[in-house]
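Residue-level structural notes
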Amino acid sequence: MKRRFVPVLLTLFLSSLTRAAAPPSQSTGGLPSTKDTATLTGTIFFTGDKPTIRPITDIAGSAFCREHHKDQIPMKDTFLFGQTADHKTTVQNVLVYISKGLENKDFDPPKTPVLLDQVGCMYVPHVVAVMAGQILTVRNSDETLHNVMASPQDNDPFNFGMPVAGSTNDISFKSPEMKINVKCFMHPWMSGYIHVLANPFFAVTGPDGSFTLTGLPPGTYTLSVLHESSLLHPTPPTADITVKAGDKQQVDFTYSLKSK
């Protein structure tokens, strides 16, 4: 009797595709450091009452998605908080970027693609940032059909299906544009954001709320922060900084709920 190994091997292969590596952190951005450049670091804190975070109850309507989260229904990821070692609350998924001071400088887009994954019927990470012209690789790590769609204002809209686990699709954006909302028609609760920047000096905070911008040329700049929700207000709203060659400066921001 001949032994059939093909189905077993195929199952193992498909299973390995769904165990894709987590997207790399985007909390460090900019260019490689040199003795002639500066580095900015900081943390995004939160103070006061937190907004209410609700579970994604709609996920129960999909057998695949429900099975992936059978131990616990995930919470909506609009607001994600973390904590420092000294128990201060931090804010995840905040875009930190140089918004003024680089208008007359040209930079090539980073050659390393940014990864936006789909894991357990959720976008991972929830927020990504790319420079205009940089590749954004969209991956489906689920063994179910997703479609990825967005309707930017300053860039071309897109809508493509991803039926195969482990498949990827590369896209890029011609123009800077903030808060491009990406969704999945098959799973309406899936929502993420793409920020497109004009220069490489940006970062997206992780669970510890920290960010680092390296390789910044000497000059005077405005550092800005952006969270997807208008319910949160940063203090200060922006920070004006002047850096010299070899400088290492720390700039912190603190979010709170906007007053009614």
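Computed from a predicted model, the values in this text were never measured in an experiment.

Structural notes on the state of the cysteines
On inspection of all chains with the given rule, the structure shows one disulfide. In this model C65 forms its disulfide with C121; the gap between the sulfur atoms is 1.9 Å. Disulfide C65 to C121: torsion about the S-S bond roughly -75°, handedness left-handed. One end of the pair, C65, is in helix α2 (residues 63-68); the other, C121, is in the loop between β6 (114-118) and β7 (123-124), with 56 residues separating them in the sequence. Like C121, C65 is buried. We note that C184 lacks a disulfide partner, and the nearest cysteine sulfur, in C121, lies 7.8 Å from it. Of the residues examined, C184 reaches a relative accessible area of 2% and is grouped as buried.

Section: the sheet that holds strand β17 (residues 219-226)
Taking strand neighbours across the sheet as the criterion, the four strands line up as β15-β5-β17-β19 in an open arrangement whose pairing is antiparallel. If you trace the sheet from one side to the other, it starts and ends with β15 (202-204) and β19 (238-243), each paired once. The mean angle between the axes of side-by-side strands here comes to 30°, regardless of whether they run parallel or antiparallel. The pairing of strand β5 (residues 95-100) with β15 spans three bridges and is classified as antiparallel. Note on β15: the bridge partner recorded for Y97 is F202.

Calculation notes
Residues numbered from 1 in each chain as written. Predicted model: local features only at pLDDT ≥ 70, side-chain atom pairs only at ≥ 80, totals over all residues. Heavy atoms only, no water. Disulfide = S-S within 2.5 Å. Helix = DSSP H or I, 4+ residues; strand = E, 2+ residues; numbered from the N terminus. Buried < 20%, exposed > 50% of the residue type's maximum accessible area, 1.4 Å probe, protein only. Pairing = 2+ DSSP bridges. Axes fitted to C-alpha atoms, helices over the stretch in contact; angles between N-to-C directions.

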